[in-house]
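# What the coordinates show
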Amino acid sequence: MIKRTVIKLSGEAIGKADSPSGYDDKIVKDILRQIQEVMQAGVEVALVVGGGNLWRGRSANPDMDRVKADHIGMLATVMNALYLSDMCRRQHMKAQVVTPIPIGRMTTHYEKERVLAMMAEQTVVINAAGVGHPFFSTDTVTALRAAELEADCVLYAKSIDGVYDRDPVLEPNARKFKDLSYRTAIARGLNAADMAAMHLSAEAEIPSYVFSLSKPNSIVLACAYPQSGDLDGTYISLSDKEDFYAGRRS
């Protein structure tokens, strides 16, 4: 099992439009249960949460100024992070929301050594507000934090179960990669994470793992990969090995 990881959670993964709170507490509790399990096994965990359940930026209004849209998106991630931290409290887990910009007393300013100390004390560190500047995605800050914190692997928990050679929603014969190099992912523009994130992780020589959050115990299994092959995601590294899964999207 890996020793330190940064996990990217999308806002859509934790949101639920018809819930009184706007969040899917059942899913959130299961995510936190898994995080607690891997932390008890010795894994240090930092989260990066998106804000897509609350705000989709220019996709909601294409005429909007990009900078302002990204600023609102940053605030959406802070809202999600604060909710996650309170859910941690209710699950008797220690958590701290960190941001690269000061937001009153609601969050703690991100600083590498402070965050490493928190993680060593089994505190769930929840990164919000991206990098504090527009034009950067939550994928990018996930890879950045992983490089800064010297993580063993970046985990991308998605709605899709890996990286495909084509869009599997539109192409039923799309093939999924089991192992993929950063070089190929970047050259072919594959939808693993954004290009800045791929470049950052490649330069830092930190592998990434893309997997479906909907599969049972997926976070626990992802933290045990590649020692455990029980989760069918896509492992991305500096290796030039490429191995397709046979068949169509599962």
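Shown above is the structure to which this text applies.
Summarised in this report is the structure supplied together with it. Just so you know, these numbers come straight off a predicted model, no measurement behind them.

Side-chain positions along a regular strand alternate between the two faces of the sheet. Burial of strand 1 (residues 4-9) is extensive: five of the six residues sit out of reach of the surface. Here strand 1 pairs with strand 2 (residues 44-49) via six bridges, running parallel. Bridged to Arg4 within strand 2 is Glu44. Examined bridge by bridge, strand 1 and strand 6 (residues 153-158) share five bridges and lie parallel to one another. Within the sheet, the bridge partner assigned to Val6 lies in strand 6 and is Val154.

Pairs of packed helices are described in terms of their axes, by the angle between the two and the distance that separates them. Their axes nearest at 10 Å, the elements helix 2 (residues 25-40) and helix 3 (residues 66-90) cross at an angle of 65°. Of the possible angle classes, the one that applies to helix 2 and helix 3 is roughly perpendicular. For the element pair helix 2 and helix 3, the recorded crossing hand is right-handed. Across the interface between the two elements, Asp25, Val28, Lys29 and Leu32 from helix 2 touch Tyr83, Leu84, Met87 and Cys88 from helix 3. Among the residues forming the contact of helix 2 with helix 3, the class breakdown is six nonpolar, no polar and two charged.

Attention now moves to the environment of Ser208. Locating Ser208 in the fold gives a position in strand 8 (residues 208-212). Along the backbone, Ser208 and Pro102 are 106 residues apart, and their C-alpha atoms lie at a distance of 29 Å. Excluding residues that lie within four positions of it along the chain, Ser208 makes contacts with Cys153, Val154, Tyr156, Tyr182, Met198, Ser201, Thr234, Tyr235 and Ile236. Within the local environment of Ser208, its side chain forms a polar contact with the side chain of Tyr182, the two groups lying 2.7 Å apart.

Right, let's get into helix 7 (residues 195-204). By the burial criterion, the buried members of helix 7 are Ala197, Met198, Ser201 and Ala202. Buried residues along helix 7 cover an arc of 130° about the axis, so they all sit on one side. Where helix 7 is buried, its residues touch helix 5 (138-148), strand 6, helix 6 (182-187), strand 8 and strand 9 (234-237). Two to three positions downstream of the cap, the backbone nitrogen of Ala196 sits 3.2 Å from a side-chain oxygen, assigning the N-cap of helix 7 to Asp194. Phi turns positive, to about 60°, at Glu205, one or two residues after helix 7.

Where burial is concerned, most of strand 6 is hidden: five out of the six residues are buried. Pairing geometry for strand 6 and strand 8, over five bridges, is parallel. Across the sheet, Ala157 pairs through a bridge with Phe211, a residue of strand 8.

The subject of this paragraph is the nonpolar core. Soluble globular proteins tend to pack their nonpolar side chains together in the buried interior. Residues Ile35 and Tyr209 are the most contacted members of the largest nonpolar core, which totals 44 residues. With residues near it in sequence (within four places) discarded, Ile35 still touches Val45, Leu47, Met93 and Val124. Ranked by size, the runner-up nonpolar core spans 32 residues in total, among them Val98, Met118, Val141 and Ala151.

Helix length check: helix 3, at 25 residues, gives a terminal C-alpha distance of 36 Å against a target of 36 Å (1.5 Å per residue), a fit within 8%. The residue sitting at the N-terminus of helix 3 and contributing the capping side-chain oxygen is Asp65; that oxygen lies 3.2 Å from the backbone nitrogen of Val67. One or two positions beyond helix 3, positive phi appears at His92, with a value near 60°.

Contact pair helix 5 / helix 7: the axes reach a minimum separation of 8 Å and the direction vectors enclose 15°. Considered as vectors, helix 5 and helix 7 are oriented roughly parallel to each other. Note that helix 5 runs across helix 7; the crossing there is left-handed. Contact residues: Asp139, Thr140, Ala143, Leu144 and Ala147 in helix 5; Ala196, Ala197, Leu200, Ser201 and Ala204 in helix 7. Looking at the contact of helix 5 with helix 7 residue by residue, the classes come out as seven nonpolar, two polar and one charged.

Definitions and limits used
Residues numbered from 1 in each chain as written. Predicted model: local features only at pLDDT ≥ 70, side-chain atom pairs only at ≥ 80, totals over all residues. Heavy atoms only, no water. Buried < 20%, exposed > 50% of the residue type's maximum accessible area, 1.4 Å probe, protein only. Helix = DSSP H or I, 4+ residues; strand = E, 2+ residues; numbered from the N terminus. Pairing = 2+ DSSP bridges. Axes fitted to C-alpha atoms, helices over the stretch in contact; angles between N-to-C directions. Parallel < 35°, antiparallel > 145°, perpendicular 65-115°, else oblique. Left-handed = near helix turned anticlockwise from the far one by under 90°. Contact = heavy atoms within 4.5 Å. Nonpolar A, V, L, I, M, F, W, Y, C, P; charged D, E, K, R; others polar. Polar contact = N/O pair within 3.5 Å; in protein donor to acceptor, adjacent residues only side chain to side chain. Arc of directions from axis to C-beta. Core = buried A, V, L, I, M, F, W, Y, C linked by side-chain atoms within 4.5 Å. Expected span 1.5 Å × (residues − 1).

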